[in-house]
Amino acid sequence: MAALPRLVRVSSVVLVVWAGFCSAVCVEVPSETEAVQGKHMKLLCISCMKREEVTASTVVEWFYRPEGGKDEPIYEYRKTNHEFPSRFSGRLQWNGSKDMQDVSITVLNVTLNDSGIYTCNITREFEFEIHRPLFTSSRLIHLTVVEEAGEDFTSVISEIMMYILLVFLTLWLLIEMIYCYRKVSKAEEAAQENATDYLAIPSENKENCAVPVEE
């Protein structure tokens, strides 16, 4: 998938954190908007509920609208899953959670013709003693299908930084090797000069240069 859209969107995962007395915290995450031909694509639709809303009954309706076309129903969840006859027949899979906060579906074997606008409608009926109010919400997903996955921008940056680091380390090692070579060469030259100077001293002076040994 393209890199830039993935950078501006959080990864399509429902973040649920359990704390206190097992009360879940739901985070509504937007769906990815680019799919690759031949791959599976999860159309993420999350509608978080408050703790007192857990007893509500939920109905989910998925619609698809091609470019320049009209909305057509493709999938429905009303206590049971139901797939409408469409271009997606046999290629839709329920991918929601048991608590009905994540009501996503997955399109199998995505084709180029699957590009378009997907609408996720959620209707909740609260089961209070006095009345049963309804709550509705919608999510729109503008999906684009590409033939091949684009290069991940973050991986490109990582590779560039890696190459820069390798070049820097190579230059640093080269400089260190040159420095050490010159240092060793100077030490050898100094030792050779000392040896030459010593050989140039007359033999009688060499004896005088000898260190006396104490008895």
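Residues numbered from 1 in each chain as written. Predicted model: local features only at pLDDT ≥ 70, side-chain atom pairs only at ≥ 80, totals over all residues. Heavy atoms only, no water.

Participant: Where do I start with the packing of aromatic side chains in this structure?
Facilitator: How two aromatic rings sit relative to each other is given by the distance of their centres and the angle of their planes. Tallied over the entire structure, the rule returns five aromatic pairs. Between the aromatic rings of Tyr64 and Phe88, the centroid separation amounts to 5.0 Å while the plane-to-plane angle is 80°, which identifies the pairing as edge-to-face. Here Tyr64, found in strand E5 (residues 57–65), pairs with Phe88, found in the loop between strand E7 (80–83) and strand E8 (92–94); they are 24 residues apart in sequence, far enough to count as distant. Across the pair, exposure class does not vary: Tyr64 and Phe88 are buried alike. Chaining the aromatic ring pairs together yields one cluster made of Tyr64, Phe88 and Tyr118. (Phe/Tyr/Trp six-rings, centres within 6.5 Å; stacked < 30°, edge-to-face > 60°. Helix = DSSP H or I, 4+ residues; strand = E, 2+ residues; numbered from the N terminus. Buried < 20%, exposed > 50% of the residue type's maximum accessible area, 1.4 Å probe, protein only.)

Participant: Please explain the sheet that holds strand E9 (residues 105–107) as it appears in this structure.
Facilitator: The strands making up a sheet associate through hydrogen bonds between their backbones, and the pairing can be parallel or antiparallel. Overall, antiparallel pairing links the three strands, which are arranged E4-E9-E8 in an open sheet. The two strands at the open ends of the sheet, each matched to only one other strand, are strand E4 (41–43) and E8. Each strand of the sheet is rotated relative to its neighbour by a mean of 30°, with strand direction disregarded. Of the strand pairs in this sheet, E8 and E9 are connected by three bridges, and their pairing is antiparallel. Paired with Leu92 across the two strands is Val107, which belongs to E9. (Pairing = 2+ DSSP bridges. Axes fitted to C-alpha atoms, helices over the stretch in contact; angles between N-to-C directions.)

Participant: Just checking my understanding: could you explain the nonpolar core for this structure?
Facilitator: Across soluble globular proteins, nonpolar side chains show a tendency to be buried alongside one another. Within the largest apolar cluster, 24 residues are counted, with the highest numbers of intra-cluster contacts made by Leu43, Trp62, Ile74 and Tyr118. For this core, the secondary structure elements donating two or more residues are E4, E5, strand E6 (72–78), E8, E9, strand E10 (116–125) and strand E11 (134–146). Residue contacts for Leu43: discarding those within four places in its chain leaves Ser31, Trp62, Ser104, Ile105, Val107, Tyr118, Ile141 and Leu143. (Core = buried A, V, L, I, M, F, W, Y, C linked by side-chain atoms within 4.5 Å. Contact = heavy atoms within 4.5 Å.)

Participant: Explain the UniProt feature "transmembrane region" (unreviewed entry) in the protein here, please?
Facilitator: On the UniProt side, "transmembrane region" (unreviewed entry) is annotated at positions that read residues 160–181 here. With 100% helix and 0% strand, the stretch residues 160–181 has end C-alpha atoms that lie 31 Å from each other. (UniProt positions renumbered as here; feature names shortened; annotations may be inferred.)

Participant: Is there a simple way to think about the state of the cysteines in this case?
Facilitator: A covalent bond between the sulfur atoms of two cysteines is referred to as a disulfide. Overall, the coordinates contain one disulfide when judged by the stated rule. The residue that forms a disulfide with Cys45 is Cys120, at a sulfur-sulfur distance of 2.2 Å. When the S-S torsion is -80°, as for the bridge of Cys45 with Cys120, the disulfide is left-handed. With Cys45 in the loop between E4 and E5 and Cys120 in strand E10, this pair connects stretches of sequence that are 75 residues apart. Of the two residues, Cys45 and Cys120, neither departs from the other in class, the shared state being buried. (Disulfide = S-S within 2.5 Å.)

Participant: Where do I start with the sheet that holds strand E3 (residues 34–36) in this structure?
Facilitator: The six strands are arranged E3-E11-E10-E5-E6-E7 in an open sheet whose pairing can be described as mixed. With one partner strand each, in any of the chains shown, E3 and E7 form the two edges of the open sheet. Taken pair by pair, the neighbouring strands of this sheet meet at an average axis angle of 20°, ignoring direction. Both E3 and E11 contribute to a ladder of three bridges, which runs parallel. Counterpart to Val36 in the pairing with E11 is Val146.

Participant: What is the right way to look at the pairing of E6 in this model?
Facilitator: On any regular strand, side chains alternate: one points to one face of the sheet, the next to the other face. Inspection of the sheet shows E5 paired to E6 by five bridges, in the antiparallel sense. Paired with Val60 across the strands is Tyr77, a residue of E6. In this structure, the hairpin formed by E5 and E6 is closed by a connection of six residues, where Gly68 is found at a positive phi of approximately 80°. The sheet contact formed by E6 and E7 spans four bridges and is antiparallel. Within the sheet, the bridge partner assigned to Tyr75 lies in E7 and is Glu83. Count of turn residues in the E6/E7 antiparallel hairpin: one residue, of which Lys79 carries a positive phi of about 70°.

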